[in-house]
Amino acid sequence: MKTSNGHDVPNMDRRAFLKVTMLASGALMIGVGCKETSTDVEVVQETWIANLYVRIDTDGKVTIISKNPDGGQGVKTAFPMVVAECLEVDWKDVQVEQAALAVDDRYGRQALGGSRGTPDGWDDLRIAGTAAKDLLIAAAASEWAVPATECFAESGTVVHKPTGKSKPYASLLNTAATLPVPDVSTLKLKSRPEEFKLLGTFVRGVDNPKILTGQPLFGSDIRLEGMLYAMYQKCPVFGGSARSANLEYVRTLPGVTHAFIVPGGKEYNGLQPGVAVVGTSFWEVNEARKQLQVDWETTHADSSEDYARQAEALAAGPGENLRTDGDIDAAFASASRVVEASYHYPFIAHANMEPMNCTALLHESGTLELWAPTQNGKAGREKISATLGISENRIHVNQMRMGTAFGRRSRTDFMTEVAWIAREVKQPVQLVWSREEDMTHDFYRPAGWHHFKAGLDDLGRMTAFDHHFITMGKNGETVYGANLSENHYPAGLVPNFRLRQSIIETNVPTGPWRSPGHSAYCFAYQGFFDEVALAAGRDPLKFRLDLLSKSYGKPPIDLKRARDTLRLAAVKAGWGRDPGPNRGLGIAFHYDHGGYVSHVAQVLAEGNSIRVEKVFSAVDTGPILNMSGARHQVEGAVIDALSAAQQEMTFKNGSAQKRNFSNYRLLRFNQAPDVKVHFIQSDNPPTGLGEPPFAPAGPAIANAIFAATGIRIRELPFKRSGITV
Amino acid sequence: MPQITLKINDTDYRLDVPSDMPLLWALRDKLNLTGTKYGCGIGQCGTCTVLVDGQPVKSCRSKAVNLAGKEITTIEGLSPDGSHPVQRAWNHVDVPQCGYCQGGQILVATALLEQNPKPDDAAIDEAMSDNLCRCGTYVRIRKAVKLAAELAADKGGAV
């Protein structure tokens, strides 16, 4: 099926599943042993469905299914590479197909987030590729009447080693289809970089051909026959509801077909109350929406200024004790030096390039079909089911490419909104948020305040660490992205440790923002460690290496991997060299989401205006799947971190105050550093790269700014310290 | 509603548009040419860039009715098979992450190279800083612009 602008719509009804085995994740591996005959094209084509991920046609075409949604993190290229590696086919012969959200758990988790795609998918993808390859080897062995152990596979061909005779996969499909599924426990899975041929190489994005020629690909590119465009006006004050609106007038405006109030509920990530305006183009609908006059009922008037006042008052109090190790008071009393500093970062928005959008069609059969640029279609489907009373098996979600995600699209409010509107208007409808709505109805990264106190011994080692974290919450519990684990280092690395927490009540929606929590508080920790090192007269690198050398109790992280990235970044950057006049080097390390990353930044200062010239990155996330995609994530995270360090979302009278890129500025081309990326491909299982490189990049830059200017950045954005980028 | 004829990618399109509708929405919602993307609507992000008579123009800020008689090039029309030197360079360097802004980036780079076949870093900075990339592909865009300049100079280039 194709849409009216040529968009391929995934086939909803691929039924050819016979046998079931369990994958390592617990997901079902269904299939093997049947042929699918497709008759909707002129030529009858035979396809062997090896399993959920692999189909091979009799003409030799290999199709690999990509199960997860892609928002620029590169999974649509990297995951099929894993399957192709184990299947022993040449990448040029592979075509990749995006899976829709499955009706069941056959694929395991189909989501983008937490850098979990790679660790979660690693085993299943290798099993799928290896199992299919072993079946093809068994098929060839059976046809030749030789032992399978005498055969091997390469480049889509099975070779009989003793005689050198070979058969292409495409000639073995009928035989393979008759063979039993291999026992997963007998499969020999490739796991180390030296076993890989394709993995670890530089492979270009599978969607490049469409991206570079502007072909339909993203959620907002969907065009269905008779499709209308919708906008959904919510109360500018978070959580407010619409009592009434000038709907009759708005319905008379050009291009408008429908305007109605949706009662909605209280949950930010559900269907909030609002006013839907629907019509024949986004622009006409948006012009009409500007004419809406809504009587809103609001319940709060949260403001950034009030949060700041509360934070100051709470700082004087003790906070709630979350963890105490050793004797913190005695340790400070006996310390030869005590260093204190306070750090703060504001709320920030996701500012995804493609505003939130979703397309929906309620079929006559009662099935609701969505084209959703979402990180978590399953969560969206559950919400829609609960809100509209449509059973989940009647909701079909096509996972669309996302114009960035960064956690925002793990919230699925836009899916429920369009589902409701589609049911009302009984026509296919595309909901598109304006940039202003995207900016003012985000799930923001929460603000935080960190008050640190460190005690040092005669040798400049940190013997005591007291930390009062003032964070955002609701009903006494921290809100999403505002929690700090009591086990986060330096817990476990300092003999005397205390973490205290105070909470400011908020009505602002918060949610995951690239490396949630870490992306914010790493700035505070790594800036403070720099201050402590320098106060002790010690080199910031050596101080960190020391801190990461000894643990008290179970080490919170793998200390050797941590130190190795610090050393590699330092070596690559020439740490210790004189960077020249007005230049400075800064270093930072962080561990999150399974990844170990250190950066050294080099900045050039002209007065208080700085240019980040270069960032040297050292990353250990285990073996690299796609060298291009992996470097991309590191390069992009460094630039994103510098960008985020210039951003601030403020609130007044319960509303977000910045509405577009004119005053919520993202980093531009001429401000971007060059990024030199170095990987340590350790033997650990691969982990995701979307998040780990982000957190330490900002503080490495801030520490370099101190080295170049003597200005210590304890608050974000940088301009609060008088620094411009 | 005025009926106008727009020449887009060497094809004449007759369409009815409201007199103040920006070209962006005429392309996307009237003609289903969705390669040109919406980012901000106020000319800040450059995601909606098209070429008008070879010059980069933010289509969210240009009324469609004012563009009758002009040569409009969208990303779909640069070269449908992706063989333009800028597209080849973009692919070789593997510039896109999410890809949403890249159509605009490519068209700005194309216009730059038309006027300045061998741009230095300062010229590249000047031209490319109007276009935001949320993924942070700026490092690769710089490489790709330089490669595209080489490919354009050497028509038989292999990339």
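With that settled, consider the overall build of chain A. Looking only at helices and strands, chain A has 16 helices and 31 strands in total. In terms of overall dimensions, chain A is globule-like: its C-alpha atoms have a radius of gyration of 28 Å, near the 27 Å expected for 725 residues. Referenced to the eigenvectors of the C-alpha coordinate spread, the extents of chain A come out at roughly 80 × 75 × 45 Å. If you take every contact in chain A between residues at least 6 apart in sequence, the share linking residues at least 24 apart comes to 76%.

Residues and elements named next belong to chain A. Counted residue by residue, strand 26 (residues 583-592) has nine buried out of 10 residues, so it is predominantly covered. Examined bridge by bridge, strand 26 and strand 27 (residues 595-606) share 10 bridges and lie antiparallel to one another. Bridge assignment links Gly586 to a residue of strand 27, and that residue is Ala601. Between the antiparallel neighbours strand 26 and strand 27 lie two residues, among them His593 with a positive phi of about 50°.

The next subject is the interface of chain A and chain B. Frequently, the measure chosen for interface size is the accessible area removed from exposure when the parts meet. On the chain B side, the residues contacting the 50 residues of chain A number 47 residues. For the side of chain A that touches chain B, the elements supplying multiple residues, two or more each, are helix 4 (208-213), helix 6 (282-289), helix 15 (627-644) and strand 31 (674-679) of chain A. Ranked by residue count, the leading element in the side of chain A that touches chain B is helix 15 of chain A, at six residues. Counted by class, the side of chain A that touches chain B contains 19 nonpolar, 20 polar and 11 charged residues.

All names here are of chain B. Assigned domains of chain B: these are domain 1 (3-77) and domain 2 (85-153). Distance from the C-alpha centre of domain 1 to the C-alpha centre of domain 2: 21 Å. On the domain 2 side, the residues contacting the 14 residues of domain 1 number 12 residues. With three residues, strand 3 (residues 49-52) is the largest single contributor of residues to the side of domain 1 that touches domain 2. Considered class by class, the residues forming the side of domain 1 that touches domain 2 number six nonpolar, seven polar and one charged.

Thresholds, definitions, all that
- Residues numbered from 1 in each chain as written.
- Chains lettered and ligands numbered in written order.
- Predicted model: local features only at pLDDT ≥ 70, side-chain atom pairs only at ≥ 80, totals over all residues.
- Helix = DSSP H or I, 4+ residues; strand = E, 2+ residues; numbered from the N terminus.
- Rg over C-alpha atoms; globule rule 2.2 N^0.38 Å.
- Contact = placed C-beta atoms within 7 Å.
- Buried ≥ 20, exposed ≤ 12 C-beta atoms within 10 Å, placed from the backbone.
- Pairing = 2+ DSSP bridges.
- Nonpolar A, V, L, I, M, F, W, Y, C, P; charged D, E, K, R; others polar.
- Domains from an automatic or database assignment.

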